[in-house]
Amino acid sequence: MPAQRTKTNPALIAWAIDASGYDIPTLAEKLSGVGVTELLIEDWIASNTTPTRGQLTKLAEVLKRQKAMFYMKSPPLESGPSVELRTASGARTRPLGPEERVQVREAMSLQTLASWLVREGPECSLPLVERLSDVDHAASLITEWLQVSRSDRGAWRNDREAFRGWKTLLEDAGVLVMELQLGKDGLRGFSIFDRFTPLVAVNTAENASARTFTLMHETAHLSAHTSASCLSATAEADDDLERWCDRVAGEVLIPPSALANLVATRPNLSGLDLARMVATEFRTSLRAAAVALARLDERFNSLYLLVEQTYPTADREKTPARGRGGTTRCERRLRESGVVASRVVIDAWRNREINELDARRALNLDGYELDVLDGLLRARMTAVD
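For clarity, every value in this text was computed on a predicted model and none was experimentally measured. (Residues numbered from 1 in each chain as written. Predicted model: local features only at pLDDT ≥ 70, side-chain atom pairs only at ≥ 80, totals over all residues. Heavy atoms only, no water.)

What to know about the packing of aromatic side chains
Phase 1 of the analysis: Following the criterion strictly, the structure yields one aromatic pair and no others.
Phase 2 of the analysis: In this arrangement the basic side chain of Arg211 is found over the ring face of Phe163, its NZ or CZ atom lying 5.7 Å from the centre. (Phe/Tyr/Trp six-rings, centres within 6.5 Å; stacked < 30°, edge-to-face > 60°. Lys NZ or Arg CZ within 6 Å of the ring centre and 35° of its normal.)

Digging into helix α8 (residues 159–172)
Phase 1 of the analysis: Between its first and last C-alpha, α8 extends 20 Å over 14 residues, near the 20 Å set by a 1.5 Å rise per residue.
Phase 2 of the analysis: Along α8, the positions that sit buried rather than exposed are Glu161, Ala162, Phe163, Gly165, Trp166, Lys167, Leu169, Leu170 and Glu171.
Phase 3 of the analysis: Its side-chain oxygen 3.1 Å from the backbone nitrogen of Arg160, Asn158 forms the N-cap of α8.
Phase 4 of the analysis: Backbone geometry just after α8 places Gly174 at a positive phi near 100°. (Helix = DSSP H or I, 4+ residues; strand = E, 2+ residues; numbered from the N terminus. Expected span 1.5 Å × (residues − 1). Buried < 20%, exposed > 50% of the residue type's maximum accessible area, 1.4 Å probe, protein only. Polar contact = N/O pair within 3.5 Å; in protein donor to acceptor, adjacent residues only side chain to side chain.)

A short note on the pairing of strand β3 (residues 176–180)
Phase 1 of the analysis: Counting buried positions over the five residues of β3 gives five, a clear majority of the element.
Phase 2 of the analysis: Burial along β3 is two-sided: the face carrying Leu176, Met178 and Leu180 and the face carrying Val177 and Glu179 are both buried.

Looking at the pairing of strand β5 (residues 199–203)
Phase 1 of the analysis: The buried fraction of β5 is high, at five of five residues.
Phase 2 of the analysis: The alternating pattern of β5 places Leu199, Ala201 and Asn203 on one face and Val200 and Val202 on the opposite face, and all of these are buried.
Phase 3 of the analysis: Pairing analysis gives five bridges linking β3 to β5, with the strands arranged parallel. Note on β5: the bridge partner recorded for Met178 is Ala201.
Phase 4 of the analysis: Where strand β4 (residues 189–192) and β5 come together, four bridges link them in antiparallel fashion. Paired with Gly189 across the strands is Val202, a residue of β5. (Pairing = 2+ DSSP bridges.)

Observations concerning the nonpolar core
Phase 1 of the analysis: If you look at the biggest cluster of nonpolar residues, it comprises 57 residues, and the most contacted ones within it are Trp166, Trp244 and Val278.
Phase 2 of the analysis: When residues no more than four places from it in sequence are discounted, the contact partners of Val278 are Ile254, Leu259, Leu262, Ala289 and Leu293.
Phase 3 of the analysis: In terms of nonpolar packing, the next biggest core, distinct from the first, is built from 34 residues, Phe190, Trp349, Ala359 and Leu365 among them. (Core = buried A, V, L, I, M, F, W, Y, C linked by side-chain atoms within 4.5 Å. Contact = heavy atoms within 4.5 Å.)

Side note on the pattern of salt bridges
Phase 1 of the analysis: Here the structure, examined in full by the defined rule, presents 20 salt bridges.
Phase 2 of the analysis: In this structure, Lys58 and Glu61 form a salt bridge, with 3.5 Å as the shortest nitrogen-oxygen distance. With Lys58 and Glu61 both in helix α4 (residues 53–63) and three residues apart, this pair spans about one turn of that helix.
Phase 3 of the analysis: Of the residues examined, Lys58 reaches a relative accessible area of 26% and is grouped as partly exposed.
Phase 4 of the analysis: We classify Glu61 as partly exposed; its relative accessible area is 47%. (Salt bridge = Lys/Arg side-chain N within 4 Å of Asp/Glu carboxyl O.)

A closer look at the packing of helix α12 (residues 271–282) against helix α14 (residues 303–310)
Phase 1 of the analysis: As a packed pair, α12 and α14 sit with axes 10 Å apart at the nearest point and diverge in direction by 90°. Judged on the interaxial angle alone, α14 and α12 are roughly perpendicular. Between α12 and α14, the contacting residues are Gly271, Leu272 and Ala275 on the first element and Leu303, Leu306, Val307 and Thr310 on the second.
Phase 2 of the analysis: Residues belonging to the contact of α12 with α14 are distributed by class as follows: five nonpolar, two polar and no charged. (Axes fitted to C-alpha atoms, helices over the stretch in contact; angles between N-to-C directions. Parallel < 35°, antiparallel > 145°, perpendicular 65-115°, else oblique. Nonpolar A, V, L, I, M, F, W, Y, C, P; charged D, E, K, R; others polar.)

Structural notes on α4
Phase 1 of the analysis: Gln55, Leu56, Leu59, Ala60, Val62 and Leu63 are the residues of α4 that are buried. Looking straight down α4, one finds that the buried residues subtend no more than 165° of arc, so they occupy a single side.
Phase 2 of the analysis: Of the surrounding elements, those touching the buried residues of α4 are α1 (10–20), α2 (24–30), α3 (38–45) and α5 (98–117).
Phase 3 of the analysis: Within two residues after α4, Lys64 carries a phi angle of roughly 55°, on the positive side. (Arc of directions from axis to C-beta.)

Pasting the structure below:
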């Protein structure tokens, strides 16, 4: 008996495939286990036939979509950062990859829910600056808004503590901060502006110091009320807005007066040795150090490109040793969804503003894990207090 065909909407199948970033040969390879070929996918798109139940289940799994969506009359409304990014040459563009698209889409979905849940409260106090305005002024506003002190900076003993410190400052200010698996060649991070729940995301493939620079770069985007997807440092090197965000981030992380004092104590250091020293002292990346040094003195203008050329993979996170582990599923989901969004969703579930199923879907957790996540959030609040 032939397999029963579903009554899915071919237009929705075509839309979901196009939105996924997969080309037909790659998608066919991923679906080959359920008898799907390139020709069959083309027939779905052309409305000549529809998937079987088994094929639809696998298609939804690969495209990270709910099966019910393929029966809708029209595609869901989706908006967000541009999916076109410059390549390293700065002259061409490439679309976001399938996994990047999924991560951005899921982050947007969680942000939209969180924003809706807090609409009756105050807007985020994120400072507003005019894009491409004075870097000193923009950096000063962000620094004051985050209330970061010299003692805060001095208390961070290593790069990981510094990243967690900056992340906590942003979360305390109401920003959704997400750490996502975007791949070693994927986005460094992205930002999505919202008046109630602005969002920044960083790539876990990068090391802690690089994530810190990305955090502040994306925060600069938010302060200018822009959303952005940032692929690589050299990709945006010729873009005025990206260069402005780099400079603002560098100045927030490395205050000019403190940098000038430090450089004065090391008159014999130059080039990469000087950048390494600055990066170590301020618990940030070589790129941040190079940007800050170039702002301090035009003699260091070439240092940024030198850092890029000499250390093309310096910002990547080292592969964890086997067996180290120790991170539970709920801890991982808390890092991915972020403290702010997780707290908003959990509170809404506890207050019966949303049901358990909606909360589980939003945070990608099983039922019992909502209680575990709630416990992690309460423990964090207790530790902070």
